Amino acid sequence: MEERMIEFLQAYGGAAYFLSLACNVAISVLGVVPSAFLTAANLTVFGFWPGFWVSFAGEALGAVVSFVLYRKGLRRWSETTWLSHPKVKPLLHASGKEAFGLIFALRLLPFVPSGVVTFVAAIGRTSFLVFAAASSLGKLPALWMEAYAVHQFLEAAWAGKLMLAVASIILLWFVWRKIGQKAAG
């Protein structure tokens, strides 16, 4: 998918910046599609720092657009069962500095789905300005780490990529096994 995105962006020259932003907004609105392939394409097409800033602008813009759309269209879902989960309630009921701190912290954690944070903040009490500031500031270090990791992966020789793939498969197997044990026990 990354290769196709690279070809797509390269085919449009100067408009590639705007197309990348549009793709990031679409990914954010969908809420479940990882954006790492787009970050990799941006780094390849634009270079490290320009690619980083295009990715950052796209993710920040995407989060804000998603927040507005979710707030307008999905607020009625605020009564669903999973929103009563104890780990979701703090963000759902937070506002002001508390909401800022929670959103900022959750954006720093790479394993917390961005779409879930945006959705819960949008249907909760978080104001637009608090969300936009906390989300964007929290994405800066998180995206820098992602961009650096992707850049190192792209620069690695095939042997390094093979070792990383094997390590990932082994880690995935251990996680899968642990989940299976919890489900059985």
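Residues numbered from 1 in each chain as written. Predicted model: local features only at pLDDT ≥ 70, side-chain atom pairs only at ≥ 80, totals over all residues. Heavy atoms only, no water.

**Quick look at the overall build of the protein**
Turning to step 1, where the next piece is worked out: Each helix and strand in the protein was counted, giving nine helices and zero strands.
Turning to step 2, where the next piece is worked out: Overall, the protein shows an N-to-C arrangement of helices and strands of α-α-α-α-α-α-α-α-α.
Turning to step 3, where the next piece is worked out: Overall, the C-alpha framework of the protein stretches about 50 × 50 × 25 Å when taken along its three principal axes.
Turning to step 4, where the next piece is worked out: Within the span of the protein, comprising 185 residues, buried residues form 34% of the whole. (Helix = DSSP H or I, 4+ residues; strand = E, 2+ residues; numbered from the N terminus. Buried < 20%, exposed > 50% of the residue type's maximum accessible area, 1.4 Å probe, protein only.)

**Remarks on the packing of helix α4 (residues 48-73) against helix α7 (residues 114-123)**
Turning to step 1, where the next piece is worked out: Two elements in contact, α4 and α7, have axes whose closest approach is 8 Å; the angle formed by their N-to-C orientations is 45°. What the angle tells us is that α4 and α7 run oblique. Handedness of the crossing formed by α4 with α7: right-handed. In this structure, α4 contributes Ala63, Ser66, Phe67, Tyr70 and Arg71 to the contact, and α7 contributes Gly115, Thr118, Phe119, Ala121, Ala122 and Ile123. (Axes fitted to C-alpha atoms, helices over the stretch in contact; angles between N-to-C directions. Parallel < 35°, antiparallel > 145°, perpendicular 65-115°, else oblique. Left-handed = near helix turned anticlockwise from the far one by under 90°. Contact = heavy atoms within 4.5 Å.)

**Here we look at the environment of Glu155**
Turning to step 1, where the next piece is worked out: Within the secondary structure, Glu155 sits in helix α8 (residues 128-155).
Turning to step 2, where the next piece is worked out: The spatial distance from the C-alpha of Glu155 to the C-alpha of Ala60 is 26 Å, given a sequence separation of 95 residues.

**Examining the side chain of Thr126**
Turning to step 1, where the next piece is worked out: Along the chain, Thr126 turns up in the loop between α7 and α8.
Turning to step 2, where the next piece is worked out: Look past the residues within four positions of Thr126 in its chain and what remains in contact with it is Phe67, Arg71, Leu91, Ala94, Ala99, Ile103, Ala121 and Phe131.

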